[in-house]
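# Chain and residue survey
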Number of protein chains: 2
Amino acid sequence: MNSYSVKELLSENLLLQEVTINGWVKTFRSNRFIALNDGSTINNIQCVVDFESFDEDVLKQVNTGAAIKITGTLVESQGKGQKVEIQVSNLTIHGGADPETYPIQPKKHSLEFLREKAHLRIRTNTFAAIMRVRSALSFGIHQYFQQNGFNYFHAPIITGSDAEGAGEMFKVSTLDSKKPPLTEDGDINYKEDFFGKETNLTVSGQLEAETYAMALGKVYTFGPTFRAENSNTSRHLAEFWMIEPEMAFFDLNDNMDLAEDFIKNVIKYVLENCKDDLEFLEKRLLDEEKTKPQAERSEMPLIEKLKFVSENSFKRVTYTEAIDILRNSKPNKKKKFQYPINEWGADLQSEHERFLVEKHFKCPVILFDYPAKIKAFYMRLNEDGKTVRAMDILFPGIGEIVGGSQREERLDVLKEKMAALGIDEEELWWYLDLRKFGSAVHSGFGLGFERLVLFATGMGNIRDVIPFPRTPQNAEF
Amino acid sequence: MNSYSVKELLSENLLLQEVTINGWVKTFRSNRFIALNDGSTINNIQCVVDFESFDEDVLKQVNTGAAIKITGTLVESQGKGQKVEIQVSNLTIHGGADPETYPIQPKKHSLEFLREKAHLRIRTNTFAAIMRVRSALSFGIHQYFQQNGFNYFHAPIITGSDAEGAGEMFKVSTLDSKKPPLTEDGDINYKEDFFGKETNLTVSGQLEAETYAMALGKVYTFGPTFRAENSNTSRHLAEFWMIEPEMAFFDLNDNMDLAEDFIKNVIKYVLENCKDDLEFLEKRLLDEEKTKPQAERSEMPLIEKLKFVSENSFKRVTYTEAIDILRNSKPNKKKKFQYPINEWGADLQSEHERFLVEKHFKCPVILFDYPAKIKAFYMRLNEDGKTVRAMDILFPGIGEIVGGSQREERLDVLKEKMAALGIDEEELWWYLDLRKFGSAVHSGFGLGFERLVLFATGMGNIRDVIPFPRTPQNAEF
């Protein structure tokens, strides 16, 4: 007699076999039908008990959330809604779940309520589906890169460098916070700290990934990154996971080609591997949006949207073209933008990105060749002397999902840029070394993993697509 | 005309085709033979230039480390050592590498020297091979779990809980270190810190992974973990990557079966996918050990050792049996152990683990059923009341590579354990919830990723198997 997962019982041909299964009770109705789930799939297996053959005290413990073990025969189901079911011959309680105190009852709970119970919300269908999709997306990402000749590079999390300037950083220390050692000048003496210097949590592994790309050719990171920014929005986390591929000998066009191919393939991977979960999430979204005015509802159901993105070309537009489109757009002329677009050089706001993606092009958009002034120091200056080889990928409903660039490979130009921005060369001596020895055209991008999960699951708040979200004032669990 | 990787040129049938390739010069001899590498494989492609057809100033820049682009025809090689080579028709310099200042010259560099140049050491054959094996091991791990029904769980890195007690922690904060806000009592007011409480870097994702296992069934973490311990050894890092599977309805035997099967499969994965790199690393190790006395050399060459581990059963021994073996062992009787084994209950030291693995059993060993007193609070108490269902896997040359246990699923027993150790129930209310609602037998283990990379590559120092090691007084790059 073998132990199976619900997924195996529902998908393999095991009819008339005696099977054992462990799982948690979803519902128990008519003292007869147990819907049992073990996390292997969104679907439950129906287990039919003849209540007269079982101890009443045992059946009383078969409540929503209880962990039980069932043995029985797998048979064709007579009822609607399932092909097979288990005729239960034996039932053991691993651990009960008192209906008076167990918070996850078979009814609708708000996402806000469930956020307070982040250790139990995974027991709901919605969160189990999200987290299985998240896991599949992760693997799809690794598989894509490994099949395409990339090496996984583990960027350091604790960093002694704070020159990247991607955002505010968290300090990491083992010094006594109340009585830190001081220097003669009264400053904190970081020489006595664990690493002998000030250290922070990384905001990006890009600069370090470049060192590896300039030897292994193609590498990618997939790890946690941190921003100590007080942004309490539905799109920001203080701790999030990021994927940062970096490729030697890739120019900006190669970079855009890769990013588009990568995203499409990863989405195809979940379409192929998470069908049941995506169908559930699609239905959830439809239900949620029923209460919204038509204009705020999604244009396409979830799966159609994912197929659309994976099958259609992203629109590539220069920043300069985008400014023209925006300047001549209805909302700009009618002064509907909070930040009117008057001239070249303006930084694009979320309202502009959404207009381009959702109203104008109605598809994912890659904007490239941005003004140098609004982009990072390491991006390659174009021959025009005023734009850089940067690109952002904008997604409907999400906004920026990828930011990347060709990197400045010329030592003299990079040094000028750093001097102009007051970045100390000694701080980045190793980064400059890459331009001194065997320098070459190279490129890369960063993809915020949780934004991709948001997009793939149709969820609206980034706190709901990571197991234990870290946000201002919240590091519970 | 297509651009290829060296790996493709060496393995695919492209004879007589015109090809383009980018890479870095390994050597240039006789003004004629360029050994070119692009990181895709340990092997170089030989590029043959007719120096009379090329500009002297260009050829002068073809130094070790220079990045170049070559176009030419792939032909059968006349020389020994390679099957194919490129007859170069065009050669462009991306970026030179001045032999006077470029540190990575084609000669033997000590590992210590290279640690100071962690941004360039990846350009050596040794480190490129190690890091490709590291990448393949990572993917082998993900693939194993995904194929076996596990979901990848991203454990939080910043944690508000410090109850796990696996080691000293790093503090994470955004408070002004010099003038932190104080409470009325003169303590630091962490309510004003970013998360509104004291936070640290995680030492283990296990407790959080348990919350997900108790809903999804089988999950695994693969992420960075941290120990603020002042251990300057060849086996410890302050920042390292850990894999922590956690499985509902698994007892200790299931756990040991999984851990053994997992390690064997992951090692098979690299044996199949990293043949060239492993052969190189095997030779490197043989060379290194030539200078050592016979007794200190490895018993088997690297690849034979990996095959041996992947094909033979690990020996399973209870702690009690191990103590008997050690007590009666020659080194114990001859007082050769630094810590003599006199009685049951003693914690095993590295010297004892090495004796069991390397001298007594001569294979990987799983020790289980340890005394409760020397193990963590969450491990399941056996019926004898004095041992817990813990297991450690010990590897030759490495020592402990896996530590795991069946978890205490009984609320009352767990509470007693916590009380005895002074662990606050309020601190772990969510962990206790798992025992209140739908509790069940469950198990898991942790594998230190870098120790596995050490084992698979035959390297001796853990600083050499992670790109940018973090150790006391060292967070460079």
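Residues numbered from 1 in each chain as written. Chains lettered and ligands numbered in written order. Predicted model: local features only at pLDDT ≥ 70, side-chain atom pairs only at ≥ 80, totals over all residues. Heavy atoms only, no water.

### Considering the domain arrangement of chain A
Residues and elements named next belong to chain A. Selection criterion: Domain limits in this description derive from either an automatic procedure or a database domain assignment. Should any heavy atoms of two residues lie within 4.5 Å, those residues are counted as being in contact. Two parts lose some accessible area (1.4 Å probe) when they are put together, and adding that loss for both gives the buried area.
The assigned domain composition of chain A is domain 1 (6-95) and domain 2 (125-153 + 203-314 + 363-464). Each of domain 1 and domain 2 was reduced to a C-alpha centroid, and the two centroids are 43 Å apart. Facing the six residues of domain 1 at the interface are six residues of domain 2. Summed over both partners, the interface of domain 1 with domain 2 comes to about 460 Å²; 45% of that surface belongs to carbon and sulfur atoms.

### Regarding the interface of chain B and chain A
Note the cut-off: In the sections that follow, a salt bridge refers to a side-chain nitrogen of Lys or Arg positioned within 4 Å of a carboxyl oxygen of Asp or Glu. Note on residue classes: Ala, Val, Leu, Ile, Met, Phe, Trp, Tyr, Cys and Pro are nonpolar, Asp, Glu, Lys and Arg are charged, and everything else, Gly too, is polar.
With 108 residues of chain B at the interface, the matching set in chain A holds 107 residues. With both chains or domains summed, chain B and chain A bury close to 8500 Å², and 63% of this area falls on carbon and sulfur atoms. Sorting the residues of chain B by area buried against chain A places His-154, Phe-194 and Phe-437 of chain B first, and these three jointly supply 9% of that buried surface. At the junction of chain B with chain A, the criterion picks out two salt bridges. Asp-187 of chain A is the salt-bridge partner of Lys-178 of chain B, the closest N and O atoms lying 2.9 Å from each other. Taken together, the residues of the side of chain B that touches chain A break down into 53 nonpolar, 34 polar and 21 charged.

### Some details on unusual backbone geometry
All names here are of chain B. Rules: The numbering of helices and of strands both runs from the N terminus, where a helix is a DSSP run of H or I of at least 4 residues and a strand a run of E of at least 2. Throughout, exposure labels follow a simple rule: accessible area from a 1.4 Å probe, protein chains only, divided by the maximum for the residue type, with under 20% read as buried, over 50% as exposed, and the rest as partly exposed.
Of note, the phi angle at Asn-31 is positive, near 55 degrees, even though the residue is not glycine. Relative to the helices and strands, Asn-31 is located in the loop between strand S2 (18-29) and strand S3 (33-37). The exposure class of Asn-31 is partly exposed, given its relative accessible area of 36%. Even without a glycine there, the phi angle at Lys-335 is positive, about 55 degrees. Locating Lys-335 in the fold gives a position in the loop between helix H10 (330-333) and helix H11 (350-361). You can call Lys-335 exposed: its relative accessible area is 71%.

### Some thoughts on empty space enclosed by the protein
Applicable threshold: The rule is simple: put a 1 Å grid over the protein atoms alone, call a set of points where a 1.4 Å probe fits but cannot get out a cavity, call an open set with protein on both sides within 12 Å along at least five of seven lines a pocket, and count a residue as lining if it has an atom within 4 Å of a point. Grid points are joined across faces, edges and corners, and a volume is the space filled by probe spheres set on the points.
According to the stated counting rule, one finds seven cavities of 30 Å³ or more in the structure shown. Looking at the largest cavity, its volume works out to about 300 Å³. Mapped by element, the contributors of at least two residues to the lining of the largest cavity are strand S9 (171-173) and strand S10 (199-201) of chain A together with strand S9 (171-173) of chain B. Here the residues of the lining of the largest cavity sort into ten nonpolar, seven polar and seven charged.

### Regarding the relation of the copies chain B and chain A
Both copies of the chain are related by a screw-like operation: a rotation about an axis and a shift along it. Convention followed: The atoms used to superpose the copies are C-alpha atoms, taken from residues with pLDDT of at least 70 in both, and the fit is least squares.
Expressed as a screw transformation, the operator carrying chain B onto chain A has a rotation angle of 180 degrees and an axial translation of 0.0 Å, and the superposed copies differ by an RMSD of 0.0 Å. The two molecules are tied by a two-fold rotation axis, judged by turn and shift. Using C-alpha coordinates, one finds that chain B approaches the rotation axis most closely at Val-172 of chain B, a distance of 2.5 Å. Same-surface contact between copies: 99% of interface residues of chain B are shared with the interface of chain A.

### Quick word on the sheet that holds strand S7 (residues 151-152) of chain B
Residue and element names in this part refer to chain B. Rule in force here: Pairing between two strands is assigned when DSSP locates at least 2 bridges connecting them. Axes here mean lines fitted to C-alpha atoms, for a helix over just the part in contact, with angles spanning 0 to 180 degrees between N-to-C directions.
Taken together, eight strands build an open sheet; the order of strands is S7-S11-S12-S17-S16-S15-S14-S13 and the sheet is mixed. This sheet does not close on itself; its edge strands, each paired only once, are S7 and strand S13 (315-318). Bridging between S7 and strand S11 (residues 218-226) involves two bridges; their strand directions are parallel. Bridged to Tyr-152 within S11 is Tyr-220. In the packing of helix H4 (residues 125-147) onto the sheet, contacts are made with S7, S11 and strand S12 (239-248), and the angle to S11 comes to roughly 150 degrees. Its contacts with the sheet place H11 against S13, strand S14 (365-371), strand S15 (387-395) and strand S16 (399-406), and it is angled at close to 140 degrees to S14.

### So, the pattern of salt bridges
This model, assessed by the stated rule, comprises 46 salt bridges over all chains. Residues Asp-464 of chain B and Arg-121 of chain B are paired through a salt bridge, measuring 3.3 Å at the closest nitrogen-oxygen approach. With Asp-464 of chain B in the segment after helix H14 (449-457) and Arg-121 of chain B in the loop between helix H3 (111-115) and H4, this pair connects stretches of sequence that are 343 residues apart. We note a salt bridge from Arg-284 of chain B to Glu-288 of chain B, for which the minimum N-O separation is 2.9 Å. Highlighted residues: Arg-284 of chain B and Glu-288 of chain B, both in helix H7 (residues 275-289), separated by four residues, approximately one helical turn. For Arg-284 of chain B, a relative accessible area of 12% gives the class buried. Several salt bridges share partner residues, and in doing so they unite Glu-210, Glu-246, Arg-407 and Arg-435 of chain A into one network.

### Here's the deal with the UniProt feature "coiled-coil region" (unreviewed entry) in chain A
The condition is simple: UniProt positions are given in the numbering used here, feature names are shortened, and annotations may be inferred rather than shown by experiment.
Sequence positions flagged by UniProt for "coiled-coil region" (unreviewed entry) are, in local numbering, residues 271-298 of chain A. For residues 271-298 of chain A, the helix share is 64%, the strand share is 0%, and the end-to-end C-alpha distance is 19 Å.

### Describing helix H12 (residues 411-421) of chain B
All names here are of chain B. Inclusion rule: Throughout, the arc means that of the directions going from the helix axis to the C-beta atoms.
Listed in full, the buried residues belonging to H12 are Val-413, Leu-414, Lys-417 and Met-418. One side of H12 holds all its buried residues, which, seen down the axis, span an arc of 135 degrees. Facing away from the buried side of H12 by over 90 degrees, the exposed positions are Glu-416, Ala-419 and Ala-420. Against S15 and helix H13 (429-436) lie the buried residues of H12. Looking at the residues trailing H12, positive phi occurs at Gly-422, about 70 degrees.

### Concerning the packing of aromatic side chains
Basically, it comes down to this: Aromatic rings from Phe, Tyr and Trp, with only the six-membered ring used for Trp, were paired whenever their centres fell within 6.5 Å, and each pair was classed as stacked if the ring planes differed by under 30 degrees, edge-to-face if by over 60, and tilted otherwise. In this analysis the charged atom, NZ for Lys or CZ for Arg, is taken to sit over a ring once it is within 6 Å of the ring centre and within 35 degrees of the ring normal.
What the rule picks out here adds up to 59 aromatic pairs over all chains. Seen in terms of ring centroids, Phe-337 of chain A and Phe-355 of chain A are 6.0 Å apart; in terms of plane orientation they differ by 85 degrees. Their pairing is edge-to-face. With Phe-337 of chain A in the loop between helix H10 (330-333) and helix H11 (350-361) and Phe-355 of chain A in helix H11, this pair connects stretches of sequence that are 18 residues apart. Look at Phe-337 of chain A and you get buried, because its relative accessible area is 8%. With a centroid separation of 5.9 Å and 75 degrees between ring planes, the pair formed by Trp-430 of chain A and Phe-477 of chain B is classed as edge-to-face. Here Phe-477 of chain B lies in the segment after H14 and Trp-430 of chain A lies in helix H13 (residues 429-436), a pairing that spans two chains. Comparing Trp-430 of chain A with Phe-477 of chain B shows no difference in burial state: the two are buried. A connected cluster of aromatic rings, assembled from ring pairs, spans Phe-153, Tyr-212, Phe-377, Tyr-378, Trp-429, Trp-430 and Tyr-431 of chain A together with Phe-468 and Phe-477 of chain B. Here the basic side chain of Arg-435 of chain A rests over the ring of Tyr-431 of chain A, its NZ or CZ set 4.1 Å away from the ring centre. Its end group placed over the ring of Tyr-370 of chain B, Lys-375 of chain B keeps NZ or CZ at 4.2 Å from the ring centre.

### Some words on the pairing of strand S14 (residues 365-371) of chain A
Consecutive side chains of a regular strand alternate in pointing toward one face of the sheet and then the other. Residues and elements named next belong to chain A. Of all the seven residues making up S14, seven are buried; the element is thus mostly covered by neighbouring parts of the structure. Two elements, strand S13 (residues 315-318) and S14, share four bridges in a ladder whose sense is parallel. Within the sheet, the bridge partner assigned to Val-317 lies in S14 and is Leu-367.

### Description of the sheet that holds strand S17 (residues 442-448) of chain A
Residue and element names in this part refer to chain A. One open sheet accounts for eight strands, arranged S7-S11-S12-S17-S16-S15-S14-S13; its pairing is mixed. The outermost strands of the open sheet, each flanked by one partner alone, are strand S7 (151-152) and S13. Where strand S12 (residues 239-248) meets S17, five bridges bridge the pair, whose relative direction is antiparallel. Residue pairing for S17: Met-247 is matched across the bridge by Ser-443. In the packing of helix H14 (residues 449-457) onto the sheet, the strands contacted are strand S11 (218-226), S12, strand S15 (387-395), strand S16 (399-406) and S17, and the crossing angle to S17 comes to about 55 degrees.

### Observations concerning the side chain of Thr-457 of chain A
Note on placement: Thr-457 of chain A falls in helix H14. Setting aside chain neighbours within four positions, we find Thr-457 of chain A in contact with Ile-130, Val-133, Leu-281, Leu-302 and Val-465 of chain A.

### Remarks on the packing of helix H12 (residues 411-421) of chain A against H13 of chain A
Residues and elements named next belong to chain A. Keep this limit in mind: Angular relationships are summarised with four words: roughly parallel below 35 degrees, roughly antiparallel beyond 145, roughly perpendicular across 65 to 115, and oblique for the angles in between.
Between H12 and H13, whose axes approach to 9 Å, the crossing angle comes to 155 degrees. If you check the angle between H12 and H13, you find them roughly antiparallel. Where H12 approaches H13, its residues Leu-411, Leu-414, Lys-415 and Met-418 are matched on the opposing element by Tyr-431, Leu-432, Arg-435 and Lys-436. Here the contact of H12 with H13 is composed, by residue class, of five nonpolar, no polar and three charged.

### Notes on the side chain of Arg-380 of chain B
All names here are of chain B. Spelled out, the test is: Between N or O atoms, a polar contact is any pair within 3.5 Å; within protein, one atom must be a potential hydrogen donor and the other a potential acceptor, and residues adjacent in sequence are included only when both atoms are from side chains.
Tracing the sequence through the fold places Arg-380 in the loop between S14 and S15. Within the structure, Arg-380 has its side chain in polar contact with the side chain of Glu-409 (distance 2.9 Å). For Arg-380, the contacting residues outside a window of four places in its chain are Thr-387, Val-388, Arg-389, Gln-406, Arg-407, Glu-408, Glu-409 and Arg-410.

### Brief notes about helix H8 (residues 302-311) of chain B
Residues and elements named next belong to chain B. Three or more residues of H8 are buried, namely Leu-302, Ile-303, Lys-305, Leu-306, Val-309 and Ser-310. What you see down the axis of H8 is that its buried residues fit within an arc of 160 degrees, all on one side. Where H8 is buried, its residues contact helix H6 (252-273), H7, S15 and H14.

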